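Okay, here's what each chain looks like letter by letter:
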Amino acid sequence: GAGVSQSPRYKVAKRGQDVALRCDPISGHVSLFWYQQALGQGPEFLTYFQNEAQLDKSGLPSDRFFAERPEGSVSTLKIQRTQQEDSAVYLCASSPGTGPYGYTFGSGTRLTVV
Amino acid sequence: DAKTTQPTSMDCAEGRAANLPCNHSTISGNEYVYWYRQIHSQGPQYIIHGLKNNETNEMASLIITEDRKSSTLILPHATLRDTAVYYCIVRVNTGTASKLTFGTGTRLQVTL
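First, a word on what this report is: a plain description of the structure on this page. (Residues numbered from 1 in each chain as written. Chains lettered and ligands numbered in written order. Predicted model: local features only at pLDDT ≥ 70, side-chain atom pairs only at ≥ 80, totals over all residues. Heavy atoms only, no water.)

1. A short note on the state of the cysteines
Using the following cut-off: Disulfide assignment relies on a single distance test, namely cysteine sulfur atoms paired within 2.5 Å. Under the DSSP-based scheme used, a helix requires at least four consecutive residues in state H or I and a strand at least two consecutive residues in state E, with every element numbered from the N terminus. When a residue's accessible area, from a 1.4 Å probe over protein chains only, is under 20% of the maximum for its type it is buried; when over 50% it is exposed; and in between it is partly exposed.
Inspection of the entire model under this criterion finds two disulfides over all chains. Two residues share a disulfide in this structure: Cys23 of chain A and Cys92 of chain A, whose sulfurs sit 1.9 Å from each other. One disulfide, between Cys23 of chain A and Cys92 of chain A, carries an S-S torsion of -65 degrees and so falls in the left-handed class. With Cys23 of chain A in strand 3 (residues 19-24) and Cys92 of chain A in strand 9 (residues 88-95), the pair connects residues that are 69 residues apart, well separated along the chain. You'll find Cys23 of chain A and Cys92 of chain A in the same group, each marked buried. Note that Cys22 of chain B is cross-linked by a disulfide to Cys88 of chain B, the S-S spacing being 2.1 Å.

2. Describing the sheet that holds strand 5 (residues 55-56) of chain B
All names here are of chain B. How we decide: Pairing between strands is defined by DSSP: at least two bridges between the two strands are required.
Strand order in the open sheet formed by four strands is 2-7-6-5, with antiparallel pairing between adjacent strands. Bordering the open sheet on either side are strand 2 (18-23) and strand 5, each of which pairs with just one other strand. In this sheet, strand 7 (residues 70-75) lies alongside strand 2 in antiparallel orientation, the contact comprising six bridges. The residue of strand 7 that forms the bridge with Asn19 is Ile74.

3. Things to note about the pattern of salt bridges
Should their charged atoms come close, side chains of opposite charge can pair. For clarity, the threshold we go by: For salt bridges, the criterion is a side-chain nitrogen of Lys or Arg within 4 Å of an Asp or Glu carboxyl oxygen.
Counting across every chain of the model gives four salt bridges over all chains. Here Glu68 of chain A ties to Lys78 of chain A by a salt bridge, and the two come within 3.3 Å at their closest N and O atoms. Here Glu68 of chain A is found in strand 7 (residues 65-68), whereas its partner Lys78 of chain A is found in strand 8 (residues 75-79), with ten residues between them in sequence. Judged by relative accessible area, Glu68 of chain A falls into the partly exposed class, the value being 27%. Taking relative accessible area as the criterion, Lys78 of chain A reaches 31% and is therefore assigned partly exposed. Across the salt bridge formed by Asp82 of chain B and Arg37 of chain B, the nearest N and O atoms sit 2.8 Å from each other. Note that Asp82 of chain B is positioned in the loop between strand 7 and strand 8 (84-92) and Arg37 of chain B in strand 3 (residues 31-38), a separation of 45 residues in sequence. In this pair, the class of Asp82 of chain B matches that of Arg37 of chain B, namely buried.

4. Details of unusual backbone geometry
Residue and element names in this part refer to chain A. Ser7 connects to Pro8 through a cis peptide bond whose omega is -10 degrees. Among the structural elements, Pro8 can be located in the loop between strand 1 (5-7) and strand 2 (10-13). Backbone geometry at Asn51 places phi at a positive 55 degrees, although glycine is not the residue there. Inspection of the secondary structure puts Asn51 in the loop between strand 5 (44-50) and strand 6 (53-56). For Asn51, a relative accessible area of 32% gives the class partly exposed.

5. Quick notes on the nonpolar core
Residue and element names in this part refer to chain B. Defined as follows: Side-chain atoms within 4.5 Å are what join buried Ala, Val, Leu, Ile, Met, Phe, Trp, Tyr and Cys residues into a set we call a nonpolar core. Residues count as neighbours in contact if any of their non-hydrogen atoms are within 4.5 Å of one another.
Core analysis: the largest hydrophobic core is formed by 21 residues, its most contacted members being Trp35, Leu73, Tyr86 and Leu108. Of all the secondary-structure elements, those providing two or more residues to this core are strand 2, strand 3, strand 4 (45-50), strand 6 (61-64), strand 7, strand 8 and strand 9 (106-111). The biggest single contributor to this core is strand 8, with four residues. Apart from the residues lying within four places of it in its own chain, the contact partners of Tyr86 are Gln6, Leu20, Trp35, Tyr36, Arg37, Ile47, Leu73, Leu75, Gly105, Thr106 and Leu108.

Written out as structure tokens, the structure reads:
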């Protein structure tokens, strides 16, 4: 596609529920990133994939957060047993490779845990 | 990655040039300067990046000082649609894609 697509656009989850957020990067983009953005803050790094390999997951806040990209294209961010502090916008970004490229971000998924 | 310092907010009249400063005094020789902006309810949008030389594209110009300790993003003719939060980020390019570390950015308000 022309851009990075994320779904759903909005998600309301009850506390304790599991959620799955999807990211469709630009076709052929090697690098894929997930970020979390709390209200009024800048985005914070969660994890990075190069093709199907998860090379950096240092930003995942707890073991309730899990990301995968099994075929090196679509990625899913899963949050188990959601808590209120997980409420945020989850952003996905992709880039063509590993050089000094700018990243293309999706519009994000706004997760609200009630 | 080196830390950046930006003013919290700025105003600019529509049609005038918007000059957004950024300090990155601890920047290393292999770190690039990137600028992104985020319009309300959207994901960040890449604007421009540079290493040493000044850069220009269809969106903006990037002026990097000779010592590379600061830079300025210039929007030559600001419009209301340029109202956004602008992030200045320095990032190493080592052959492996590396994460962007966002600060709090500069909130630019373009007014009539």
